[in-house]
Amino acid sequence: VSTQSTGSSGINAEYGSGQYTYKVYHLKHKVPGWVQALAPSGSLEIHEEAWNAFPYCKTVLTNPDYMKEGFKLSITTWHKPDRGTQNNVHELTDEQLKKRDVVKIDIANDTIRSSDYKEEYDPKKYNHPRGPLATKDWTGTCEPVMTCYKLVEIEFIWKFLQGKVESFIADVERRLFTNFHRQVFCTHYLWTEMNMDDIRALENKTKEDLDSQRKSEGLKGTTDKTINTQTMRCLIHYLSFVSFYLLFYVKSLIYLHISVFVHLIIIVVDWDFVKDLFRVESIDLKDFK
């Protein structure tokens, strides 16, 4: 991951100072060699810009060297001291509201995958002062309470694949949000008393540890033990696209069966593949004004 610092463009005008981070994810180091050879130039680089001016945050992912205007993932967050009662905190237009899907996430009661579950991050078993969140109606009774209003905007303009990929990204984001905020709540006793100096010190320590690990252990995700798994996952993605193409053009029942079968496999393997691809290797954090 390479980084640099620029100005504060893109931040909400109401919160014009905070922390800006720019990263470039060089994914060619995360995939098998044959994928690197086949991938078009620039297609394996994802650029991330992030503005953090709590209670407002914004993150934007793009692929400017290949998909250019064809791919953009924007996540805008407002943290509000309420119980999720605001209907349009992001001030969307009437046209945008018509397209909006509202997804409510309950960090205590929503079902999560068994592979994601860790007892130490279960809010219903968190026995520190603010927990546990053991009742179905905890969102209406607990104190203090905060709602994270996240606006996820996805653009993937690619013929035949747009709806499939955008839907997949939306599912991944919901899973990320659920697991991340479960962990945040269940570790609050570690950070709730921190001031900004403490947080900056922790960020710098984390950066040093990650850089040291990267230098001593090398890049993650391309070892001999994982190369076959990654190759198989890439192959499954390729088969997914082929089956979708055949289904669209040939309109044969057998290709429908093939497509359904391949997509069922993807449901099982996709998350670990994506999580491994986007594992952060180094972080550089700068203040902006």
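Summarised in this report is the structure supplied together with it. Please read all numbers here as calculations on a predicted model, not as lab measurements.

What counts and how
- Residues numbered from 1 in each chain as written.
- Predicted model: local features only at pLDDT ≥ 70, side-chain atom pairs only at ≥ 80, totals over all residues.
- Heavy atoms only, no water.
- Helix = DSSP H or I, 4+ residues; strand = E, 2+ residues; numbered from the N terminus.
- Buried < 20%, exposed > 50% of the residue type's maximum accessible area, 1.4 Å probe, protein only.
- Areas by Shrake-Rupley, 256 points an atom, 1.4 Å probe, with all protein chains shown as cover.
- Lys, Arg positive; Asp, Glu negative; His and termini not counted.
- Salt bridge = Lys/Arg side-chain N within 4 Å of Asp/Glu carboxyl O.
- Contact = heavy atoms within 4.5 Å.
- Patch = residues over 30% accessible without salt bridge, like charges linked within 9 Å, V, L, I, M, F, W, Y side chains within 5 Å.
- Phe/Tyr/Trp six-rings, centres within 6.5 Å; stacked < 30°, edge-to-face > 60°.
- Lys NZ or Arg CZ within 6 Å of the ring centre and 35° of its normal.
- Polar contact = N/O pair within 3.5 Å; in protein donor to acceptor, adjacent residues only side chain to side chain.
- Core = buried A, V, L, I, M, F, W, Y, C linked by side-chain atoms within 4.5 Å.
- Pairing = 2+ DSSP bridges.

If you tally the helices and strands in the chain, you get eight helices and seven strands. Taking all 289 residues of the chain together, 35% fall into the buried category. As displayed, the chain has an accessible area near 18,100 Å², and 56% of this comes from carbon and sulfur atoms.

So, about the side chain of Glu166. Tracing the backbone through its elements, the reader meets Glu166 in helix H4 (residues 162-186). Lacking a salt bridge, the buried Glu166 has Lys99 as its closest oppositely charged neighbour, with an N-O distance of 10 Å. Discounting chain neighbours no more than four positions away, the residues touching Glu166 are Ile154, Glu155 and Phe156.

A cluster of nonpolar side chains, namely Tyr189, Leu190 and Trp191, defines an oily patch on the protein surface of about 330 Å² accessible area. Summarising the element assignment, Leu190 is placed in helix H5 (residues 188-191).

Now for the packing of aromatic side chains. Enumeration over the complete set of coordinates arrives at seven aromatic pairs. Put simply, the rings of Tyr66, Phe71, Phe156 and Trp158 pair up and form one aromatic cluster. Sitting above the plane of the Phe177 ring, Lys150 keeps its charged end 5.0 Å from the centroid.

Quick look at the environment of Glu166 now. Expressed as a C-alpha distance, the spacing of Glu166 and Leu73, which sit 93 residues apart in the sequence, is 9.4 Å. In this structure the side chain of Glu166 is engaged in a polar contact, spanning 3.0 Å, whose partner is the backbone nitrogen of Phe156.

Right, let's get into the nonpolar core. Counting 15 residues, the largest nonpolar core has Ile46, Phe71, Leu73, Phe156 and Ile169 as its most contacted members. At the level of elements, strand E5 (68-80), strand E6 (147-156) and H4 are the ones that each hand at least two residues to this core. Apart from the residues lying within four places of it in its own chain, the contact partners of Ile169 are Phe71, Leu73 and Ile154. Ranked by size, the runner-up nonpolar core spans nine residues in total, among them Tyr126, Leu133, Cys142 and Phe185.

This part is about the pairing of E5. Two strands pair when backbone bridges link them, and strand E4 (residues 56-63) and E5 are joined in this way by eight bridges, in the antiparallel orientation. The residue bridging Thr59 from the neighbouring strand is Ile75, located in E5. Connecting E4 to the antiparallel partner E5 that follows it, the hairpin turn spans four residues. Bridge count between E5 and E6: ten bridges; the pairing is antiparallel. Within E6, the position partnered with Lys72 by the bridge is Glu155.

Moving on: unusual backbone geometry. Cis geometry is adopted by the peptide bond preceding Pro132, which originates at Gly131 and carries an omega value of -5°. Mapped onto the elements of the fold, Pro132 is located in the loop between helix H2 (94-99) and helix H3 (138-141). Going from Glu143 to Pro144, the amide bond is cis rather than trans, its omega being -10°. Among the secondary structure elements, Pro144 is positioned in the loop between H3 and E6. In the Ramachandran plot, Lys68 falls in the positive-phi region, its phi being about 50° despite a non-glycine side chain. Note on placement: Lys68 falls in strand E5. Even without glycine at this site, Glu91 takes up a positive phi of about 55°. Considering the arrangement of structural elements, one finds Glu91 in the loop between E5 and H2.

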